[in-house]
Amino acid sequence: MSIVAGVDFGTLSVRVSIFDSARGRLGAGVGEYPLLRKKEDPDHATQSHADHMKALAEAMRSAVLHAGIDGSAIEAIALDTTGSSVIPVDANLEPIDDYYLWCDHRAWKEAAEITAAAHAHKLEAIDWCGGIYSSEWGFAKLLHWLRHNPQKRERFATALEHCDMVAAVLCGIHDPADVPRSVCAMGHKWMWNAGLGGLPSEEFLTAVDPTLAGVRSQLGGRYETSDRIAGHLAPEWAEKLGLRAGIPIPVGAFDAHWDAIGAGVRLGDVVNVVGTSTCIIAISQKAGLIPGVCGVVQGSVDPQCTGIEAGLSATGDIFEAVARRAGTTVAELSRGLESYHGGETGLLRLTWDNGDRTVLVNPELSGITLGWRLTHTAQDELFAAIEGTAFHTRVILERMEEHGVPVHRIINGGGIPQKNPVLNQVYANVMGKPILVPKSDVTSLGSAIFAFLAAGTFRTVEEAQNALCADFAIIQPEPAHAATYQELYGLYRKLYFSFGERRSVAVEIGAVLPELRRIAARARGGKNAGSAAS
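**Observations concerning the sheet that holds strand β6 (residues 74-81)**
Pairing in this open sheet of 5 strands is mixed, and the strands run β3-β2-β1-β6-β14 from one edge to the other. The two strands at the open ends of the sheet, each matched to only one other strand, are β3 (24-32) and β14 (253-254). Pairing analysis gives 8 bridges linking strand β2 (residues 13-20) to β3, with the strands arranged antiparallel. Among the inter-strand pairings, F19 is bridged to a residue of β3, identified as R25. Against the sheet, helix α1 (residues 49-67) touches β1 (3-9), β2, β3 and β6, its axis set at about 145 degrees to β3.

This is the structure we're talking about:
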């Protein structure tokens, strides 16, 4: 029996959970931090390193208190974070600026330039991240920062992903050459590929922009999977966290990848980690290229398998935006959604409100809703948004299957499926397959599993999952609704690629709106639930 701490940094808060290897979760604590947005620049999203670390200390002490244990009983701590969330630091690993958070899309121009240069130079690494470089990823964010902060270049020593920065700070590492670099982070977001010699060459990076000269050599450190130890908790941070100095800290990773581990992902599974955005995670025994999918990386999820990542740039954020515009909350607006029938609103929602992460990888797209009528309500829009995220997810899963990734089970992980049964049912109906939902909260469980590995409690990820992961509730598709969604999906898929691809071929869309009305009238069947098209 052993006790560890699993840490999960999300977009607006950090959650620390204390786990016992025999009894499971003992307690948890949360620390919040602000997200800096700018109304005049919707692409801007930054956060402070100091705010993160202050919140971590608060959350850790709260978790220990709620667990009813002494902090000295904790044998290891593991941390996952959002990503790509990038911070520039100096030679002592002190921040020069705030994090460019994962949802900061200011680097859309830089991403397009990297993509163009990669194809012009026939850079093989671009194929392993779907063929298109994203504004959400590391090199694009770093290049944007370097271009807009030339006066700070002299101080710049390296850039770090959030998971690597936190691990280095907690371990008392101050030399960039000694920094642990997460294969999960660097493989999915920085085009690092062990089989291709690591990062893209200096020649390629300077061809993108001479501003990147020397950056490759500045991204040194130990590139390792999360079954390796990043270091040990430094006395300074042991005191701040209320823990014992010297306990091991494994190399970190992104939150979605470890959330998939906590949700019980196995070969043949796909996990939809549904939160502010959606990360879609799968593991495979072999590596293969998947166009438009943002990463195929050996060891990024389970260190013994190939990790595959895709996703939606916004999910919960869209639901929140719909509610905010209506002057209410998602919880209030969701009351009564269970009475809606598939397709009854007559609305078809392309959920690009924050761009497209997969499979088009285009941050310049914006949300589209077709089928508006005078009687529609915010609740109708919320239901259509849920349907839209489900349709988008199906596009992604089909792309993965087309390129050899088996999808035997679909697991809805993350926070939203735990409290939104309507979403789970809609997903089952849209996919035409059962949706599995963990019966208990798995937040921070993935990080706890890697903490247990670091402590030597379990020998493998699978052994830890067998001991700690929850059973599943199984949501079956409803045949009538599934048949309706099969019709709607044909419309959605046509519009998704027609509106979303820059060089899409001409398609006939004149029948779309009448078809939406026809499907809505049939779905309602005379009932009045929802204000829907009438």
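**Quick word on the packing of aromatic side chains**
The final tally for this structure, using the stated rule, is 14 aromatic pairs. A ring pair is formed by F9 and Y33, whose centres lie 6.4 Å apart and whose planes are at 25 degrees; its orientation type is stacked. A residue pair is termed long-range when its members are at least 10 positions apart, and F9 in strand β1 and Y33 in the loop between β3 and β4 (36-38) qualify at 24 residues. In terms of burial, F9 and Y33 fall into one category: buried. Measuring from ring centre to ring centre gives 5.3 Å for F391 and Y492, while their planes differ by 35 degrees; the resulting arrangement is tilted. Taken together, the positions of F391 in helix α12 (residues 378-402) and Y492 in helix α17 (residues 479-500) put the pair 101 residues apart, joining distant regions of the chain. Residue Y492 is classed as buried on the basis of its relative accessible area of 0%. Counting every residue linked through ring pairs, the aromatic cluster contains W352, F391, Y485, Y489, Y492, Y496 and F497.

**Here we look at the pattern of salt bridges**
Taken as a whole and judged by the stated rule, the model has 27 salt bridges. Across the pair E236 and K240 runs a salt bridge whose closest N-O atoms are separated by 3.2 Å. Separated by 4 residues within a single helix, E236 and K240 lie in helix α8 (residues 235-241), roughly one turn from each other. For K240, a relative accessible area of 37% gives the class partly exposed. Put simply, E110, E113, R147 and D209 are held in one network by salt bridges that share partners.

**With respect to the packing of α1 against helix α4 (residues 162-170)**
Packing of α1 against α4 leaves a shortest axis separation of 12 Å and a crossing angle of 60 degrees. The handedness of the crossing between α1 and α4 is right-handed. Mapping the contact onto sequence places H49, H52, M53 and L56 in α1 and H162, M165, V166, V169 and L170 in α4. For the contact of α1 with α4, a count of residues per class yields 6 nonpolar, 3 polar and no charged.

Definitions and limits used
- Residues numbered from 1 in each chain as written.
- Predicted model: local features only at pLDDT ≥ 70, side-chain atom pairs only at ≥ 80, totals over all residues.
- Heavy atoms only, no water.
- Pairing = 2+ DSSP bridges.
- Helix = DSSP H or I, 4+ residues; strand = E, 2+ residues; numbered from the N terminus.
- Contact = heavy atoms within 4.5 Å.
- Axes fitted to C-alpha atoms, helices over the stretch in contact; angles between N-to-C directions.
- Phe/Tyr/Trp six-rings, centres within 6.5 Å; stacked < 30°, edge-to-face > 60°.
- Buried < 20%, exposed > 50% of the residue type's maximum accessible area, 1.4 Å probe, protein only.
- Salt bridge = Lys/Arg side-chain N within 4 Å of Asp/Glu carboxyl O.
- Left-handed = near helix turned anticlockwise from the far one by under 90°.
- Nonpolar A, V, L, I, M, F, W, Y, C, P; charged D, E, K, R; others polar.

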